[in-house]
Amino acid sequence: MKQVRTRFAPSPTGFLHIGGLRTALYAWLYAKQNDGVFVLRVEDTDQGREVEGAKQVIYSTLRATGLTYDEGPDVGGDFGPYIQSERKQIYADHAQTLIDSRAAYRCFCTKERLADERRKAEKSGRNYTYDMHCLGLSEQDIQDKLTAGETFVVRQNIPKDGDTTYSDAVFGDITVPNSDLDDNVLLKTDGMPTYNLANVVDDHLMGITHVIRGVEYLSSTPKYNHLYRAFGWTLPRYIHLPVVMKDKQRKLSKRHGDASFDDFIKKGYLKEALLNYIALLGWSPGTDQEIFTLEGLTKAFSISGLSKSPAIFDTDKLTWMNAQYIRALSEADFIATAMPYFKECGADAFDLKLITQIMQPRLETLTEIPVKLAFLSKMPEFSQQMYFHKRMKTDAQTSLPVLKEALSLLTAHEDYSMEPLKEALMGLVEKLEIKNGQLLWPLRVAITGTQVTPGGAVEAACLLGKEETLNRLKASIAKNK
RNA sequence: GGCCCCUUGGUCAAGUGGUUAAGACACCGCCCUUUCACGGCGGUAACAGGAGUUCAACUCUCCUAGGGGUCACCA
């Protein structure tokens, strides 16, 4: 059997968005699963839309996520070049082949005439398709226009009678009347091909066996098939993916900045979690398993698990999954991953192992770290009302004597590691014949200036250490009048 | 609007003629508890509507509605 070859063919028009990344993921998975080859091809035939640096973003994102390509612009391969703008001559040659066999024709129509025709069609409620005006040009007419230097495009010549049935692995067989198929432009005035020509030529020349792409290409697939036939080429297997939606009405788009891989990383998501989540958007393994490594996905992936309907991107679920990934990190990995955030709030000066123990089960995204740990490097101003706790029946007044007791205990106490510290404090609770919370609640407030902290008073004191704990406690007692 | 496609709880989804219609997220409650989490237990919630076919329809067919895609010298 022929070796499976899939490709990811993005346009360098900006950052890599989530939908694109998912397409790349599926194409990669399918290739790897079948011991095939995954190719990256950059589709930059629209000179005007290219964004500076976008190619690099594509390369780096694919590398960062582990979706490495076997062939591509910056890694080479036997079927290059892998950047379409560098393949201009190839497309021109193929367009000529089509013209020679009358599967395509030159069109000299001006944009004005086309716009006019379109307007007329719309006015009369008719559906616009190109009227094939230039198909009727005689050989002489064409030569005359050519020598006169008129610019032209090359259009696909699609027979308008009969139907075309095409096949997609997820949507099944679809039949459309050929009269609905427009004679689209294959080669533009500037000599660059359109997607219509380039994708067919490249997919064939690069030996792509499975075309995996978004549904937006589904309805023009019969046109591509006519091209394959005109060239005498074998059709690839098509696998069209449902769109990823932002909500019921709107799809996740590059605009609004809500959909790029980089954005999610900046918001504190782990790339592994993101990849795992998008794998499950529009695809189901058919089992209850939800947490997958890339390797696990490679084994589990199946085309039959792909869904046909659009899927709404659910940030809540992604966040949950991110928390799962954070918790699963080893201590060393967690510290390394969280380090930039520790530094941001000065937490890197404290016991990172203990911080890891406290923070890891409490985080959903990395960006929560600085806000949760802010109290460590700086004692916040706080209100005396924070001592109030209804269930424990504490307030600033009742807390004062307890805090004084705590101060003398903590002054005498030497070992500020968790267990001994906790034991000592619990001993005080027993001695004073109060509830845990009647000591620990006010104590946390007094040494962190915060009512809500990751962990409790014991953890806080342990992290702060004896000196800082006592300083804060004395200062808080002094303020409590 | 034409053409094509889709339709199970708020969301992701399993289900391929006979099920008490899974599971996960979210939400709610309880337990744990010095706060916040973690964890544990439990709960609310769905086959878009209508005709058929069939002994039997979430599963098949048709219609309606809703949603999506597409109709570029963009990909």
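Worth saying up front: this structure is predicted, and the values here are computed from it rather than measured. (Residues numbered from 1 in each chain as written. Chains lettered and ligands numbered in written order. Predicted model: local features only at pLDDT ≥ 70, side-chain atom pairs only at ≥ 80, totals over all residues. Heavy atoms only, no water.)

Draft legend 1. Here's a closer look at the protein's contact with RNA strand B. Neighbouring residues of RNA strand B: 64 residues in total, closest Arg 118, Thr 189, Lys 248, Gly 282 and Arg 362. The sugar-phosphate portion of RNA strand B accounts for 70% of its atoms within 4 Å of the protein, the bases making up the rest. Between RNA strand B and Arg 327 there is a distance of 3.2 Å, counted from a phosphate oxygen to a side-chain nitrogen or oxygen. Gly 456 places a polar main-chain atom, nitrogen or oxygen, 3.0 Å from a base oxygen of RNA strand B. For the surface near RNA strand B, the elements supplying multiple residues, two or more each, are helix H4 (111-123), strand E6 (172-177), strand E11 (311-312), helix H11 (315-328), helix H18 (436-448) and helix H19 (457-479). When residues of the surface near RNA strand B are assigned to their parent elements, the largest contribution, five residues, is made by H18. Looking at the surface near RNA strand B residue by residue, the class counts come to 27 nonpolar, 17 polar and 20 charged. (Near = heavy atom within 4 Å. Polar contact = N/O pair within 3.5 Å; in protein donor to acceptor, adjacent residues only side chain to side chain. Helix = DSSP H or I, 4+ residues; strand = E, 2+ residues; numbered from the N terminus. Nonpolar A, V, L, I, M, F, W, Y, C, P; charged D, E, K, R; others polar.)

Draft legend 2. Layout of unusual backbone geometry. In this model, Gly 80 is joined to Pro 81 through a cis peptide bond whose omega is -5°. Of note, Pro 81 is situated in the loop between helix H2 (54-65) and helix H3 (88-100). Located in the positive-phi region is Lys 393, a residue other than glycine, with phi close to 55°. Despite not being glycine, Glu 433 has its phi angle at roughly 55°, a positive value. Structurally, Glu 433 is set in the loop between helix H17 (418-432) and H18. The exposed category is assigned to Glu 433, whose relative accessible area is 73%. (Buried < 20%, exposed > 50% of the residue type's maximum accessible area, 1.4 Å probe, protein only.)

Draft legend 3. Expanded view of helix H12 (residues 331-345). Here H12 contains 15 residues, and its C-alpha end-to-end distance of 19 Å stays within 8% of the 21 Å for a straight helix at 1.5 Å per residue. By the largest-angle criterion, Met 339 marks the main kink of H12, which is about 55°, and a proline, Pro 340, follows within four residues. Along H12, the residues classified as buried are Phe 334, Ile 335, Ala 338, Tyr 341, Phe 342 and Cys 345. On its buried side, H12 packs onto helix H8 (261-266), H11, helix H13 (352-359), helix H14 (368-372) and helix H15 (374-377). (Expected span 1.5 Å × (residues − 1). Bend = angle between axes of the 7 residues up to and from the residue. Contact = heavy atoms within 4.5 Å.)

Draft legend 4. Representation of the domain arrangement of chain A in the model. One can read the domain layout of chain A as domain 1 (5-82 + 245-312), domain 2 (85-241), domain 3 (329-377) and domain 4 (384-479). If you average the C-alpha positions of domain 3 and of domain 4, the two centres end up 23 Å apart. Contact residues are listed per partner, giving twelve residues for domain 3 and twelve residues for domain 4. The three residues of domain 3 that bury the most area against domain 4 are Leu 354, Ile 358 and Phe 375, which together make up 58% of that side's buried surface. Taken together, the links from domain 3 to domain 4 amount to zero salt bridges. Taken together, the connections running from domain 3 to domain 4 amount to two residue pairs in polar contact (both at pLDDT 80 or more). Mapped by element, the contributors of at least two residues to the side of domain 3 that touches domain 4 are H13 and H15. Per-element tally for the side of domain 3 that touches domain 4: the top contributor is H13, with four residues. Across the side of domain 3 that touches domain 4, the residue classes tally to eight nonpolar, one polar and three charged. (Domains from an automatic or database assignment. Buried area = accessible area lost by both parts, 1.4 Å probe. Salt bridge = Lys/Arg side-chain N within 4 Å of Asp/Glu carboxyl O.)

Draft legend 5. Local environment of the packing of aromatic side chains. The full count for this structure, using the stated rule, is 13 aromatic pairs. Both rings, one in Phe 264 and one in Phe 313, keep their centres 5.4 Å apart while their planes meet at 40°; by these two values the pair is tilted. Here Phe 313 lies in the loop between E11 and H11 and Phe 264 lies in helix H8, a separation of 49 residues in the sequence. With relative accessibility at 9%, the residue Phe 313 sits in the buried group. The residue whose ring lies beneath Arg 106 is Phe 152, and the NZ or CZ to ring-centre distance is 5.4 Å. Here the guanidinium or amino end of Arg 155 rests over the ring plane of Tyr 130, the centre of that ring lying 3.8 Å away. (Phe/Tyr/Trp six-rings, centres within 6.5 Å; stacked < 30°, edge-to-face > 60°. Lys NZ or Arg CZ within 6 Å of the ring centre and 35° of its normal.)

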